[in-house]
Amino acid sequence: MSSLASGHSGYVGRFAPSPTGPLHEGSLVAALASWLDARAHGGTWLVRIEDVDTPRCRPGAAAKILSQLAACGLHPDAPALYQSSRGPAYQTALDTLLARGWAFACSCTRRQIELAGAAAGTQRTRHAERIYPGTCRDARRATPGCAIRMIAAPSLRRPLEVLDVRWYDRRLGEQRQDVTHEVGDFILRRADGLWAYQLAVVVDDAAQGVTHIVRGADLADNTPRQIHLQQVLGLATPRYLHAPLRLGADGEKLSKRNEARALDVSDPTLALRNAAAQLGLTLATANLADTLAQAVARWRAQWMA
Ligand code: GLU
């Protein structure tokens, strides 16, 4: 797949929703932030439908998201790319990682990971799951129907050293993660054959020539794994900006999973003003075109001054 033309600025940004439901107020904030950054840079803005986790996808959600974006005047510069059509590209990347020894088949069940971790006395957990203890790392059995994991080490010659990824976020500043201990060897393809977000996002951002990633701050924690994959696959690392999240009344992040209400686009100007306020942009405008134009100007002043 060739990179899309990126205008004079060379900037390519994207909004990459998972079609697990319609846009809600929180996802409009992420969409608007990526659109604003692309427009403020005179760049290209793409929409990619991340429909790899098929059991979580809802029929009609992708079309609904695209129509909600259009109602808000957020029009992508190319037809949306669907990850469900990208399996061959993910397979090629996976084959490269397997051939180079960076990926391995893992037959461990959740329970085995729990027991092995407990036996080794490691208490580390992440999102309530134990960090993978490395059981299958050296076995290199290519059993069909296994999950495939990526090695979280700085190089294959130094497999026991810590993968300490340092990166810069345009809003959060200098960031750092010990991927080896905080995340562990991570899944690239699940045992049920579904592609993992980390691999799909890295392959597609590179294939679409994405230069700038602007997304919600809840995803910042994934960035070191994505940078690791980019480096091992010889792909460029985009610039990152993780935008503030919209929190619910309970202080929890709004998400489709916790049943955040579908975004009401009957008054798109109001919806956009609310989303802009989450990004620290106070707008005083009455119509859609003025709202978008003022938001671009404010964004430019805030993030590009
Ligand atoms: N598909 C992911 C989500 O909806 C976002 C991926 C990304 O922006 O990198 O949470």
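Residues numbered from 1 in each chain as written. Predicted model: local features only at pLDDT ≥ 70, side-chain atom pairs only at ≥ 80, totals over all residues. Heavy atoms only, no water.

## Let's talk about the overall build of the protein
Then comes step 1: In terms of helices and strands, the protein carries nine helices and twelve strands.
Then comes step 2: Relative to all contacts within the protein whose residues are 6 or more apart in sequence, the contacts with residues 24 or more apart total 75%.
Then comes step 3: As displayed, the protein offers around 14,300 Å² of accessible surface, 52% of which is attributable to carbon and sulfur atoms. (Helix = DSSP H or I, 4+ residues; strand = E, 2+ residues; numbered from the N terminus. Contact = heavy atoms within 4.5 Å. Areas by Shrake-Rupley, 256 points an atom, 1.4 Å probe, with all protein chains shown as cover.)

## Observations regarding the packing of aromatic side chains
Then comes step 1: For the coordinates displayed, the defined rule picks out four aromatic pairs.
Then comes step 2: Cation over ring: arginine 149 sits above tyrosine 132, and NZ or CZ is 3.9 Å from the ring centre.
Then comes step 3: Note that arginine 189 overlies the ring of tryptophan 195, its terminal NZ or CZ placed 5.7 Å from the centroid. (Phe/Tyr/Trp six-rings, centres within 6.5 Å; stacked < 30°, edge-to-face > 60°. Lys NZ or Arg CZ within 6 Å of the ring centre and 35° of its normal.)

## Brief notes about the side chain of threonine 223
Then comes step 1: If you trace the backbone, threonine 223 turns up in helix 7 (residues 223–233).
Then comes step 2: Sequence-distant contacts of threonine 223, defined by excluding residues within four places in its chain, comprise Trp167, Arg215, Tyr240 and His242.

## Comments concerning the pattern of salt bridges
Then comes step 1: A complete count under the given rule lists 16 salt bridges for this structure.
Then comes step 2: A salt bridge links arginine 48 to aspartate 204; its shortest N-O distance comes to 4.0 Å. Of this pair, arginine 48 sits in strand 2 (residues 44–49) while aspartate 204 sits in helix 6 (residues 197–207), and the two are 156 residues apart along the sequence. (Salt bridge = Lys/Arg side-chain N within 4 Å of Asp/Glu carboxyl O.)

## Points about the packing of helix 1 (residues 25–40) against helix 9 (residues 288–303)
Then comes step 1: Contact geometry of helix 1 with helix 9 gives a least axis separation of 9 Å together with a crossing angle of 75°. As summarised for this structure, helix 1 and helix 9 are arranged roughly perpendicular, according to the angle between their axes. Contact with helix 1, carried on its side by Ala33, Trp35, Leu36, Asp37, Arg39 and Ala40, involves Leu292, Ala295, Val296, Trp299 and Arg300 of helix 9 and no other residues of that element. (Axes fitted to C-alpha atoms, helices over the stretch in contact; angles between N-to-C directions. Parallel < 35°, antiparallel > 145°, perpendicular 65-115°, else oblique.)

## Some thoughts on the packing of helix 6 against helix 7
Then comes step 1: At a minimum axis distance of 9 Å, the contact between helix 6 and helix 7 shows a crossing angle of 55°. By the angle between their axes, helix 6 is oblique relative to helix 7. Relative to helix 7, helix 6 is oriented so that their crossing is right-handed. Between helix 6 and helix 7, the contacting residues are Tyr197, Gln198, Leu199, Val201 and Val202 on the first element and Arg225, Gln226, Leu229, Gln230 and Leu233 on the second.
Then comes step 2: Taken together, the residues of the contact of helix 6 with helix 7 sort by class into six nonpolar, three polar and one charged. (Left-handed = near helix turned anticlockwise from the far one by under 90°. Nonpolar A, V, L, I, M, F, W, Y, C, P; charged D, E, K, R; others polar.)

## Some remarks on the nonpolar core
Then comes step 1: Membership of the largest hydrophobic core comes to 44 residues, with the highest contact counts inside it found for Tyr90, Leu97, Tyr132, Met150, Leu188, Leu199 and Leu229.
Then comes step 2: Top contributing element to this core by residue count: helix 6, with five residues.
Then comes step 3: Apart from residues no more than four positions distant in its own chain, leucine 199 is found in contact with Tyr90, Ala93, Leu94, Leu97, Leu188 and Leu229.
Then comes step 4: Within the second largest apolar cluster, 36 residues are counted, among which are Leu23, Trp35, Trp45 and Leu241. (Core = buried A, V, L, I, M, F, W, Y, C linked by side-chain atoms within 4.5 Å. Buried < 20%, exposed > 50% of the residue type's maximum accessible area, 1.4 Å probe, protein only.)

## Quick look at the sheet that holds strand 7 (residues 147–150)
Then comes step 1: The strand order across the open sheet formed by three strands is 4-7-10, and the pairing between neighbours is antiparallel. Unpaired on one side and paired on the other, strand 4 (103–106) and strand 10 (186–189) mark the two borders of the sheet. Taking the axes of each pair of neighbouring strands and ignoring which way they run, one obtains an average angle of 45° across the sheet.
Then comes step 2: Judged from the four bridges that link them, strand 4 and strand 7 form a sheet pairing that is antiparallel. Counterpart to phenylalanine 104 in the pairing with strand 7 is arginine 149.
Then comes step 3: The sheet contacts of helix 3 (residues 87–99) involve strand 4, strand 7 and strand 10, and relative to strand 10 the element is tilted by about 130°. (Pairing = 2+ DSSP bridges.)

## A look at the site of the ligand
Then comes step 1: Taken together, Arg14, Ala16, Pro17, Ser18, Glu50, Tyr197, Val201, Arg215 and Leu219 form the complete shell of residues around the ligand.
Then comes step 2: Between alanine 16 and the ligand, the recorded distance is 2.7 Å, taken from a backbone N or O atom to a nitrogen atom.
Then comes step 3: Arginine 215 is positioned with one of its side-chain polar atoms (N or O) 2.8 Å from an oxygen atom of the ligand.
Then comes step 4: In the complex, the protein chains occlude 80% of the 300 Å² of accessible area that the ligand would expose alone.
Then comes step 5: Looking at side-chain class alone, the shell around the ligand contains five nonpolar, one polar and three charged residues. (Near = heavy atom within 4 Å. Polar contact = N/O pair within 3.5 Å; in protein donor to acceptor, adjacent residues only side chain to side chain.)

## A closer look at the pairing of strand 2
Along any regular strand the residues' side chains alternate between the sheet's two faces.
Then comes step 1: Of all six residues making up strand 2, six are buried, and the element is well covered by its neighbours.
Then comes step 2: Burial along strand 2 is two-sided: the face carrying Thr44, Leu46 and Arg48 and the face carrying Trp45, Val47 and Ile49 are both buried.
Then comes step 3: Pairing of strand 1 (residues 12–15) with strand 2 involves four bridges; the strand directions are parallel. The residue of strand 2 that forms the bridge with phenylalanine 15 is valine 47.
Then comes step 4: At this point the chain moves from strand 1, through helix 1, to the parallel strand 2, and the crossover so formed is right-handed.
Then comes step 5: As paired strands, strand 2 and strand 3 (residues 81–82) are joined by two bridges and run parallel to one another. Looking at the pairing, arginine 48 lines up with leucine 81 of strand 3.
Then comes step 6: This β-α-β element, strand 2 to helix 2 (residues 61–71) to strand 3, shows right-handed connectivity. (Right-handed = clockwise from strand over helix to strand, strands pointing away.)

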